[in-house]
Amino acid sequence: MSKIFSRYGDGTPFETTEKELMEDLVAGTQDAAERGKIDPLSQDDLDHIADIMKCRYTAVGVDPGYECVLTYDGAPIKLIRTNVNVDRLQALQIYEKLMGADTLEMGFVDYSYKPIKHIVTYEQPLMEQALLSTTAPIIYGAQPNLGLYSQPDGPFPNPAELLPAGRIAEAKESYEKAVEEAVRDMVYVASAMYESGADGIILDTVGAAGDADALAGLKTAQILKAKYPDISIEMGMAGEFVLGMHGSLEFEGVRLAGLYNHQMLELAEQVGVDIFGTVMNTNTTESAAWNLARAITFTKSCTDIAKIPIHANMGMGVGGVTVNDHTPIDITSKASKAMVEVCRLDGL
Amino acid sequence: MRAAGDLVARMQMAKAMKIGDAKKYVAERLGVSIADLTDPIIMTEVRNDLKLGTLHAGARSAKGIEAKHNIAELLDLDINCVRNFKSNTTR
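Please read all numbers here as calculations on a predicted model, not as lab measurements.

### Details of the overall build of chain B
If you tally the helices and strands in chain B, you get five helices and zero strands. Along the chain direction, N to C, the helices and strands of chain B fall in the order α-α-α-α-α. Counting only C-alpha atoms and orienting by the principal axes, one finds that chain B spans roughly 45 × 35 × 15 Å. Each of the 91 residues in chain B was classed as buried or not, and the buried ones make up 41%.

### Some words on the overall build of chain A
A count of helical and extended segments in chain A gives eleven helices and ten strands. C-alpha atoms of chain A, sized along the principal axes, occupy 60 × 55 × 35 Å. Of all 348 residues assigned to chain A, the portion counted as buried reaches 53%. Intrachain contacts of chain A at a sequence separation of at least 6 include 73% that bridge at least 24 residues.

### Regarding the interface of chain B and chain A
Taken residue by residue, the interface counts 24 residues in chain B and 30 residues in chain A. Going through the elements one at a time, α1 (5-15), α4 (64-75) and α5 (80-88) of chain B are the ones with two or more residues in the side of chain B that touches chain A. Here the side of chain B that touches chain A takes eight residues from α1(B), the largest share from any one element. Residues that form the side of chain B that touches chain A fall into these classes: eleven nonpolar, seven polar and six charged.

### Quick word on the sheet that holds strand β3 (residues 104-106) of chain A
Residue and element names in this part refer to chain A. Taken together, the six strands give an open sheet; going across it, the order is β3-β4-β5-β6-β9-β10, and neighbouring strands pair in parallel fashion. On the outer flanks of this sheet lie β3 and β10 (310-312), each paired with one strand and no other. Across this sheet, the average inter-strand angle for adjacent strands is 25°, counted without regard to direction. Judged from the four bridges that link them, strand β4 (residues 138-142) and strand β5 (residues 200-206) form a sheet pairing that is parallel. Its bridge partner lying in β5, Tyr140 is registered against Ile201.

### Thoughts on helix α2 (residues 43-54) of chain A
Because an α-helix packs 3.6 residues into every turn, residues spaced three or four apart end up facing the same way. Residue and element names in this part refer to chain A. Taking 1.5 Å per residue, twelve residues should reach 16 Å; α2 reaches 16 Å between its end C-alpha atoms and fits that length. Looking at α2, one finds that the buried residues are Asp45, Leu46, Ile49, Ile52 and Met53. The arc that holds the buried residues of α2, viewed along the axis, is 120°, so those residues lie on one side. Exposed side of α2, more than 90 degrees from the buried face: Gln43, Asp44 and Asp51 are the residues found there. Tucked into the core, α2 has its buried residues touching β1 (4-7), α1 (18-36), α10 (288-303) and α11 (329-343).

### Here's the deal with unusual backbone geometry
A:Gln151 connects to A:Pro152 through a cis peptide bond whose omega is 10°. The topology assignment puts A:Pro152 in the loop between β4 and α6 (159-162). Of note, the phi angle at A:Lys37 is positive, near 50°, even though the residue is not glycine. One can find A:Lys37 in the loop between α1 and α2. The backbone of B:Arg60 sits at a positive phi, close to 70°, despite the residue not being glycine. For B:Arg60, the position within the fold is in the loop between α3 (40-50) and α4.

### So, the packing of α4(B) against α5(B)
All names here are of chain B. Axis separation between α4 and α5 bottoms out at 9 Å; the angle between their running directions is 110°. Taken together, the axes of α4 and α5 lie roughly perpendicular to each other. α4 and α5 meet at a crossing whose hand is left-handed. Contact with α4, carried on its side by Ile65, Lys68, His69 and Ala72, involves Cys81, Val82 and Phe85 of α5 and no other residues of that element. Partitioning the contact of α4 with α5 into residue classes produces five nonpolar, one polar and one charged.

### Here we look at the pairing of β1(A)
All names here are of chain A. Both β1 and strand β2 (residues 13-16) contribute to a ladder of four bridges, which runs antiparallel. Residue pairing across strands places Ser6 opposite Phe14, the latter belonging to β2. The antiparallel hairpin formed by β1 and β2 contains five residues in its connecting segment, where Gly11 sits at a positive phi of about 100°.

### With respect to the pairing of strand β6 (residues 233-237) of chain A
Residue and element names in this part refer to chain A. Burial analysis of β6 places five of its five residues in the buried class, which makes it a mostly covered element. Side chains Ile233, Met235 and Met237 project from β6 onto one buried face, and the interleaved Glu234 and Gly236 project onto a second face that is buried too. Looking at chain direction, β5 and β6 are connected through four bridges and run parallel. Note that in β6 the partner of Leu203 across the bridge is Met235.

Scoring rules and cut-offs
- Residues numbered from 1 in each chain as written.
- Chains lettered and ligands numbered in written order.
- Predicted model: local features only at pLDDT ≥ 70, side-chain atom pairs only at ≥ 80, totals over all residues.
- Helix = DSSP H or I, 4+ residues; strand = E, 2+ residues; numbered from the N terminus.
- Buried ≥ 20, exposed ≤ 12 C-beta atoms within 10 Å, placed from the backbone.
- Contact = placed C-beta atoms within 7 Å.
- Nonpolar A, V, L, I, M, F, W, Y, C, P; charged D, E, K, R; others polar.
- Pairing = 2+ DSSP bridges.
- Axes fitted to C-alpha atoms, helices over the stretch in contact; angles between N-to-C directions.
- Expected span 1.5 Å × (residues − 1).
- Arc of directions from axis to C-beta.
- Parallel < 35°, antiparallel > 145°, perpendicular 65-115°, else oblique.
- Left-handed = near helix turned anticlockwise from the far one by under 90°.

Written as structure tokens, this is what we have:
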């Protein structure tokens, strides 16, 4: 029996057998099903993923009919980070004219709403100029990033210091105050960018600082939709479930701590979010097959119930893709193909 | 932008349409089949004919905000920046 090329979650290559590959797929889907209390993948779906993983081509693409839309994560920031010396307007033109991007995302180098508030008057004219010279829709994106609201970076006592000291009530109060402040900042910035013509707003990496962070994202979306009924909002998650850093925060009667993506999706739909971005974490010591089956199981629990488009986050440690800055094209393309075809995704 | 991904994306963003519905809507508005939407050769011709902007836009072709005026009309969308453009060019 021929060996099958694969990788671990940290990107390390290894060879496996058909039997081991299927064992990993089954273990991955079962892990997701048990944690999320969701259905595991069917044998047909597992066989389809196995066929993709066994493919000897270095790069693969979706079957005709499964083509989907691509959105990007802080697009111009990627060029700046890789030392490509262009301004953001040119970066967006490169994405559109050279890469053929479906959508463009403008983001500030400090990709959080709080620091953008101070310089938003510089962001608006740049967005307006970009909109004149490009054709694809431009989304403005940033994170709630509640970490910036606690000392020493922000005004409120640091829950990470209060919690280990047993000062639970003070930590919770700090999170609650941070939510109020973050919502104000996000609504301020998103309103400005929308009024400057942005085609949409991305609330990205929602839940990164736990349930308070998730609450800030949901409240912001709710306020923006009430203020601008036509505004388009994409909400992207930070991880596969919401950490209960506060523990008791609720949105519309639903406790946020411990919610998996399919449960956050329902709240996102409730507040009028237009596109939901799923995120499933990669385990570096498990195989690509284990990670991918697990990520697809979680994602499928979203696409099975979604009334709005689902764009799965794929790459750099999420969606079954390895945890590398430059992800190998083999696992990136195979994971993307499997994710799109099994989940019938609307976008990546 | 190599084919019709930006147009399908607009329907997802503006109307929260799932991929199948968005493709069907765009194909009907453009007068092409759904399979044509992902063909860069066919779509470049269609986009040139309908002045929807292309990857490598030549002289006198519709570009940037010009193309978005036509996209808004063709897809029956109220594109935010097109609305702003009209507001700023009307006294």
